[in-house]
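Coordinate inspection notes
These are the residues of each chain, in order.
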Amino acid sequence: LLEKALGRTGDDGIRARLLARKSRELLGDPMAGPRRRSLADEALTAARRAGDDSVLAEVLDARLYALWDPAGAEDRLTTAAELIRLGRASGDEDRERDGLFWRFVALMELARVDEAEVALAAYERAADASGDAEGSVVALSRHAMLAVLRGRFDTAAALAEEFTARARRIGLPDAERLTGISANSFDIVSISLAMKICDRK
């Protein structure tokens, strides 16, 4: 359907959205990396040509998912900054929070943990201020991860327990599954980041 729609539109904004959606849908195909990048690049070109900030923000967000690879952390950091700018310029709080969270993710990938913690705090404040209960709970889970990374295991356990209670209370999708794997996930991420930090010293 996406291919048919692409063949029938000459509108840059619509075309950009369709290309971005197609690039993201190919994420599950391990052989489609070059194709995903080609689609994401074409979508970005069309979005900038369209001159519509909402289209550009949507394409940038989809691009972050479509081009998920270890070498792309710096690109994700740059894209996150542009998402934050677009969200603030248009008054789109949801898009701004997306950018703040992507900034946190990219900084963690780059082992810039102190900066990541600042980004997470900004995301959490934005989520709390807008009444985004799911965003606040997600921030809580990342605080638990950071506590594990810093060796504050009692704090991490308390945060994980609070996450479990709040996730269930708001009906967070997959709350039970996330609760069941949270401790292992925190351990795996912490070990991975510790190795990255050692490599950089």
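Calculation criteria
- Residue positions are given per chain, counting from 1 as you read along its sequence in written order.
- Given that this is a predicted model, residues contribute local features only at a pLDDT of at least 70 and side-chain atom pairs are listed and counted only at 80 or more, while totals for whole chains, interfaces and linings are drawn from all residues.
- Side-chain measures were taken over the full set of non-hydrogen atoms in the model, leaving aside hydrogen atoms and water.
- Counting from the N terminus, the helices are DSSP H or I runs at least four residues long and the strands are E runs at least two residues long.
- Any two residues whose heavy atoms approach within 4.5 Å at even a single point are treated as in contact.
- The accessible surface values rely on the Shrake-Rupley method and a 1.4 Å probe; as for residues, cover is taken only from the protein chains in view.
- Here, the term nonpolar core denotes a set of buried Ala, Val, Leu, Ile, Met, Phe, Trp, Tyr and Cys residues that are joined through side-chain atoms within 4.5 Å.
- Categorising residues by exposure relies on relative accessible area from a 1.4 Å probe, with only protein chains included: less than 20% of the type maximum marks a residue as buried, more than 50% marks it as exposed, and the intermediate range marks it as partly exposed.
- For this count, His and the chain ends are skipped, Lys and Arg are scored as positive, and Asp and Glu as negative.
- Salt-bridge detection follows one rule: a side-chain nitrogen of Lys or Arg within 4 Å of a carboxyl oxygen of Asp or Glu.
- Think of a polar contact as two N or O atoms within 3.5 Å of one another; within protein, one of them needs to be a possible hydrogen donor and the other a possible acceptor, and neighboring residues in sequence only count if both atoms come from side chains.
- Residue-level confidence of the predictor is summarised by pLDDT, bounded by 0 at the bottom and 100 at the top.

**Here's the deal with the overall build of the chain**
Looking only at helices and strands, the chain features ten helices and zero strands. For the chain, the N- to C-terminal ordering of α and β elements is α-α-α-α-α-α-α-α-α-α. Taking the intrachain contacts of the chain between residues at least 6 apart in sequence as the baseline, contacts between residues at least 24 apart amount to 52%. Entry remark: accessible area of the chain is about 10,900 Å², with carbon and sulfur atoms responsible for 52%.

**Thoughts on the nonpolar core**
A general feature of soluble globular proteins is that nonpolar side chains tend to end up buried together. With 40 residues, the main nonpolar core has Val59, Phe104 and Met108 as its most contacted residues. For this core, the secondary structure elements donating two or more residues are α2 (12-25), α3 (33-50), α4 (53-66), α5 (73-90), α6 (93-109), α7 (113-130) and α8 (133-149). With eight residues, α6 is the largest single contributor of residues to this core. Those residues in contact with Phe104 that sit more than four places away from it in its chain are Ala116, Ala119, Leu120, Arg142, Met145 and Leu146.

**Here we look at the side chain of Arg36**
Here Arg36 lies in helix α3. Although Arg36 is buried, it makes no salt bridge; Asp29 carries the closest opposite charge, 6.4 Å away. Polar contacts involving the side chain of Arg36 include one to the main-chain carbonyl oxygen of Ala66, which spans 2.7 Å. With sequence-adjacent residues up to four places away left out, Arg36 is seen in contact with Ser23, Leu26, Leu27, Asp29, Ala66 and Leu67.

**Some words on the confidence of the model for the chain**
In the predicted model, the chain carries a mean pLDDT of 82, and the fraction of residues at 70 or more is 81%. Across the chain, α7 holds the top mean pLDDT of 96, while helix α10 (residues 175-200) sits lowest at 48. Contacts from residues 183-201, a stretch scored under 50 in pLDDT, to residues over four places away or in other chains number 21 contacts.

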